[in-house]
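# Analysis of the macromolecular model
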Amino acid sequence: MRAVTPGGDPVLAARFAVPTVPRTFVRRGRLLDQLAEGLRTPLTLVNGPAGAGKTLLVADWITAREPGDVAWLTVEPEDNAPGVFWAYVLHAFRHHGIALPSDIGSPARPGEVDHSLLARVAAWLDGRDRPVTLVLDEFDRVAGCAEVADGLQFVLRHAGDGLRLLVISRTEPLLPLYRYRAAGELVDIRGADLAFRAEETAALADRHGLALSGAGARVLTARTGGWAAGLRLCTLAAQRADAPEAFLAEFEPGHSTVADFLLGEVLRAHPSDTQDLLLRASILEEIHPDLANALTGRVDAEPILEGLQRANAFVEPIGHSWYRLHPLFAEILRVHLGVRHPGLEPELHRTAAHWLSRAGLLDEALSHAADAGDWELAADEFIGRLAIGRLLTGLSAERLDGLFARMAPETSGPAPDLVRAARELAHHDVERGVTYLGRAEQNLPDDDSDDAAAVRLSCAVLRVLAARVAGSADLAELAAKAAAEAERALPADRLDQCPELTALMLTDLGSAQLWAGRFDAARSTLSEAVRSPQEPSTAFARHEALSRLALIDFLQGRPGHAESHARGAVAEAEHSGLPVSDRTGMAQLVLAAVAIDRDDLAAAQGHLDRAAATSAASRDPVVAVELAILRSRMLFAKGDPRSALLALDDMAKQPLVSAEPSPWVSDRIAMAMAAAHLADGDPKAAVKVFEDRPAHGPESLVAEARARVAAGEGERALRILDELELPEHRDPGPVIDVWILLTRAQAADALGDFAAAESLLLRALAAARPHHLRRPFLDAGSWVRRLLLHRPALAREHAWLTGTPAPGRKEPVGPRPETLSARERDVLERLAQLMSTEEIAADLHLSVNTVKTHLKSIYRKLAATRRGEAVRRAREFGLL
């Protein structure tokens, strides 16, 4: 006898069929494992939008894992009648070979089901020795029927371990999911779980005969949001393309089978008001109900968005009342918006820009103003919000630069010109930047409004930057005063929202003062910049200010303070995630300079390499000059003064960008050239450097004195050094102090006053010891080694001079080394006096090769690889 429903209609057997899994289906083990987990819980929910692959996932699980007794029922809308629904459930059991008790009965009427029938079903299931998995596919078709949900909940609750209910639905069923979730009795597979991952996308493409690269798979996955139906439709379309991967990366979804699916299956399933809201909201990345109301002119967005979210209609909540459309769906809707409402999109963007601006969401407002082509609105909002600093620094600088690069050339007014000026200055095109800045200044507003003050402040801040690039501290200080005046005209809370503006202005002003040699003013200004609020937007300014403070400390001969500020700058950059290429490089240069002074050339080279990797190495004249000078110092520290000179000559041929010269930069170049000439054995050339270019600061005066001592002008050198004893030159840093003492010692030695020379050398050693300044003694000349050789007691308390670790650092001594020969001990003693290989050979009347042979033997016996290490280990074992 043919089975019928309570209404007399024949039972449709097709509704019991487990769907066939196509051969191109990609089996995803992670999801099958989740379904298998459901065999241990009463309820499993597979919930996602249309085309998410819900049904085929469960069908594949049944095929692949064979999870015992399974009854499949595809729900239809007529199942909203409880009698019909339960009649189909009972037939589903029978269809899949699950025998029911003969007295189980069946519903008598379509619209109701007898409670005793449900009780018999639950009792029968509870009495089974193994569970039945009841799969209800497309359960959303009865989502509004509370009677069906109540009946299912009753049977599920009383069936014990005899029933496992697996619900496949676009919407959430009316079952008390919270109760199952709280009890850990629910396996919940949602849209995010169903979304394909890149490797699964690649596997799907492979099943369709397409070899998709990893990058291509990632792009396609991101573009479709991992939506299964979209991926399959795209892949099928790509099979007909000449270049499938390029097609998948660039296809126009608005004119594809994907669009047909989404428009037909999703959009047109909604009422006209909902369709209108979706189309207008498709221009938004994120949707707030109030913003959607502004776009539609209605007030019903909130319930519509909530309903779409519950229906899994490609709308998902993202928190705080905001929603987001599926990216591919939004893309298709935008195309359809243009077809249904030609010319409406710009107006929608303009409305969104105004709403977002009023909501304080500047970035989002700018994007929509740009899409509306309303560049005056975008520039006015940008300048009015004091956001000009964000074009010059911070994580959004590149994005904002790209956005305003689209600005129409005919857009006029002070705000657009200020934006253009900032972009040009950020790109280091000073001439064009100043031109736009001048044009903006010609049209400055003369009223007392906050917006007018914001324009004046932005103008002044850019003027400080332009003055810094031009190397004019006077202009920078003048512009900073104008900026301070404009700030006073603005509410404090408005300034507080843009801390990067003041931080950048201070850093630029301090840098200009530093360039001009106004070290005290620069230190004060840069210190104020460092005290800026610690926010991501001020990270670069604080990093650069710390770097410049480190440079000032180094120039003033204070290596400890310089190192501390430089390491603070590096820590600031790393803490805030500044990319290496975006850092100033100055902190690394200062660390390299300190390392060279300590004769730690390996560390210095590492810092130089890191400095050279920054973009500042090619655009910042201070960084470029210091990099060249330190590279030169490295060359003559390694015994190659000729190459050091060539490197300096090459650098000197490069014109500095700044219009106004820097006195200390000039000094630094002269000092480096003089030092290289001295190392090359040409003191007259070293003296000539200072005759052609007079020295300015204390350090360069000492350098000139050194050159004159070496050239036989000891008396004149002492007069120069005497000038440094005057009050205006006192309080030199330790490095300068060491050089003064060494140069005086050298002059005394040259004049035959050996007692004074030894005393001054001893004082120099004492001054250098706290900072382990080895390089001055190595660069001072052979007279130092000669004095130390004849008076070893001078260096006896200065083990650091030959590489002894810093006080407090303990290292294992190890087994006692092999005994040194008498000649090896002679060589070792001279090695400890900083004598070169050639000098040792001459002093011991040996050939250079013989000394090298002894050195190799010494290194082997002391397990050392370099001179300093050999001397240090010899002292540890009491051999010296």
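Along every chain, residues carry numbers that run from 1 in the direction the sequence is written. Totals for whole chains, interfaces and linings use all residues, but because this is a predicted model, local features are given only for residues with pLDDT of at least 70 and pairs of side-chain atoms are given and counted only at 80 or more. To obtain the side-chain values, all non-hydrogen atoms of the structure were included, while hydrogens and water were left out.

### Quick look at the packing of aromatic side chains
Stated precisely, the cut-off is as follows: Two rings from Phe, Tyr or Trp (for Trp, the six-membered ring) form a pair when their centres sit within 6.5 Å of each other. Planes less than 30 degrees apart are called stacked, planes more than 60 degrees apart edge-to-face, and all others tilted. Per the convention used, a helix needs a DSSP run of H or I reaching at least four residues, while a strand needs a run of E reaching at least two, with both numbered from the N terminus.
Counted according to the given criterion, the structure contains 7 aromatic pairs. Ring centres of Phe 16 and Tyr 88 lie 5.8 Å apart, and the angle between their planes is 50°; on these two criteria the pair is classed as tilted. With Phe 16 in the segment before helix H1 (29-37) and Tyr 88 in helix H3 (residues 82-95), the pair connects residues that are 72 residues apart, well separated along the chain. A ring pair is formed by Trp 322 and Trp 355, whose centres lie 6.3 Å apart and whose planes are at 75°; its orientation type is edge-to-face.

### Thoughts on the environment of Leu 177
Among the structural elements, Leu 177 can be located in helix H6 (residues 177-182). Spatially, the C-alpha atom of Leu 177 lies 8.8 Å from that of Leu 43, the residues being 134 residues apart in sequence.

### Some thoughts on the nonpolar core
Our working rule: Here the nonpolar core consists of buried residues drawn from Ala, Val, Leu, Ile, Met, Phe, Trp, Tyr and Cys, with membership extended through side-chain atoms lying within 4.5 Å. Buried means the residue's accessible area, taken with a 1.4 Å probe over protein chains only, is under 20% of the maximum for its type, while exposed means over 50%, and partly exposed covers the values in between. Residue contacts follow a heavy-atom distance rule, with two residues in contact if any of their heavy atoms lie within 4.5 Å.
By size, the foremost hydrophobic cluster in this structure holds 66 residues, and its most contacted members are Leu 514, Leu 551, Leu 589, Val 590 and Trp 664. Tallying contributions element by element places helix H35 (residues 663-679) first for this core, with 11 residues. In this view, Val 590 contacts Ala 550, Leu 551, Phe 554, Ala 562 and Ala 566; residues no more than four positions away in its chain are not counted. With 53 residues, the next largest nonpolar core counts Leu 391, Ala 422, Leu 457 and Ala 466 among its residues.

### Thoughts on the pattern of salt bridges
To keep it simple, the criterion reads: Salt bridges are identified by distance alone: a Lys or Arg side-chain nitrogen within 4 Å of an Asp or Glu carboxyl oxygen.
Counted by the stated rule, this structure contains 57 salt bridges. Asp 450 is paired through a salt bridge with Arg 494; the nearest N and O atoms lie 3.7 Å apart. Here Arg 494 lies in helix H25 (residues 492-496) and Asp 450 lies in helix H23 (residues 450-470), a separation of 44 residues in the sequence. Look at Asp 450 and you get partly exposed, because its relative accessible area is 31%. Since its relative accessible area comes to 18%, Arg 494 is described here as buried. Close ionic contact of Glu 477 with Arg 518 constitutes a salt bridge, the shortest N to O distance being 3.1 Å. Separated by 41 residues along the polypeptide, Glu 477 in helix H24 (residues 473-488) and Arg 518 in the loop between helix H26 (499-515) and helix H27 (519-530) bring together distant segments of the chain. Given a relative accessible area of 24%, Glu 477 falls into the partly exposed group.

### Observations concerning the sheet that holds strand E2 (residues 69-74)
Filter applied, for reference: The rule for pairing is simple: two strands pair if DSSP sees at least two bridges between them. To obtain each axis, a line is fitted to C-alpha atoms, and for helices this fit is confined to the stretch in contact; angles are then taken between N-to-C directions over 0 to 180 degrees.
Strand order in this open sheet of 5 strands is E2-E3-E4-E1-E5, and the pairing throughout is parallel. Bordering the open sheet on either side are E2 and strand E5 (186-189), each of which pairs with just one other strand. Between one strand and the next, the sheet's axes are offset by a mean angle of 15°, whatever the strand orientation. Sheet topology note: the E2/strand E3 (residues 132-137) ladder contains 6 bridges and is parallel. Bridging across to E3, Trp 72 finds its partner in Val 135. Across the sheet, H3 touches E2 and E3, and the angle it forms with E2 is around 140°.

### With respect to the pairing of strand E6 (residues 315-319)
Strand direction decides the pairing type here: E6 and strand E7 (residues 322-325), joined by 4 bridges, are antiparallel. The residue bridging Pro 317 from the neighbouring strand is Tyr 323, located in E7. With antiparallel pairing between neighbouring strands as the criterion, E6 and E7 make up a hairpin whose turn holds 2 residues, including His 320 at a positive phi of roughly 55°.

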